[in-house]
Amino acid sequence: QDALRDTRNADWKILKDIPAFGNITERKFLQRVFKDADIRLYCPGDCLAEAGEPSPSLIVVLAGSLRSEQAQTLFFVELKRGDWCFQNNILGIEPNRAHDVVAVSHTMVMILYRHAL
């Protein structure tokens, strides 16, 4: 639960560190994108995404940690506050998820959908 306290300080500025939004200087646009995003809570072991499923969205970790893993391999990446995944999905470069994402701890994430941009 202590890890979720970071969520209280989350705001639109977290988007500035994502390359897809890095060149956007218009604060009001980023505030609107943040406002239109879904904020969700996941418990340890919950699956956020599965490889191969279609989804035009981006996931940003607000608090807690996620594990991004390639199926049938030992490769994985730990995602923490400020990290993101599926940038290519929201940009329309890839139509399907490239890897699985599972919550390691209680985690709050922001999900941005392409239709909201």
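Residues numbered from 1 in each chain as written. Predicted model: local features only at pLDDT ≥ 70, side-chain atom pairs only at ≥ 80, totals over all residues. Heavy atoms only, no water.

### Comments concerning the pairing of strand β3 (residues 57-63)
Within β3, seven of the seven residues are buried, which leaves it mostly tucked inside the rest of the structure. Pairing analysis gives six bridges linking β3 to strand β8 (residues 107-113), with the strands arranged antiparallel. Bridging from a neighbouring strand, A63 pairs with M108 of β8. (Buried < 20%, exposed > 50% of the residue type's maximum accessible area, 1.4 Å probe, protein only. Helix = DSSP H or I, 4+ residues; strand = E, 2+ residues; numbered from the N terminus. Pairing = 2+ DSSP bridges.)

### Focus on the sheet that holds strand β6 (residues 84-85)
Strand pairs in the sheet, formed through backbone hydrogen bonds, run parallel or antiparallel to each other. With respect to topology, four strands assemble into an open sheet ordered β1-β8-β3-β6, the strand pairing being antiparallel. Strands at the two margins of the open sheet, each flanked by one partner only, are β1 (38-42) and β6.

### As for the pairing of strand β4 (residues 66-69)
The two faces of a sheet get side chains in turn, since along a regular strand they alternate between them. Here β4 shows a clear split, with L66 and S68 buried on one side and none of R67 and E69 buried on the other. Direction of pairing for β4 relative to strand β5 (residues 76-79): antiparallel, over a ladder of four bridges. Paired with R67 across the strands is E78, a residue of β5. Counting the residues that bridge the hairpin from β4 to β5 gives six residues, and of these Q72 lies at a positive phi of roughly 60°. As defined by bridge partners, β4 adjoins strand β7 (residues 100-103) across four bridges and the pair is classed as antiparallel. Bridge pairing links S68 to V101 in β7.

### Brief notes about the side chain of Q87
For Q87, the location among the structural elements is in helix α2 (residues 87-90). Apart from the residues within four sequence positions on either side, Q87 is in contact with I18, P19, A20 and L58. (Contact = heavy atoms within 4.5 Å.)

### A few points about the pattern of salt bridges
In this structure the tally under the stated criterion is three salt bridges. Here E69 makes a salt bridge to R67, at a shortest N to O gap of 2.9 Å. The class of E69 is partly exposed, set by a relative accessible area of 23%. (Salt bridge = Lys/Arg side-chain N within 4 Å of Asp/Glu carboxyl O.)

### What about helix α1 (residues 27-36)?
If you check which residues of α1 are buried, you get L30, V33 and F34. The buried side chains of α1 occupy one side of the element, clustering within an arc of 100° when seen end-on. Exposed side chains of α1 directed beyond 90 degrees from the buried face belong to K28 and K35. On its buried face, α1 sits against β8. (Arc of directions from axis to C-beta.)

Geometry only, nothing functional implied.
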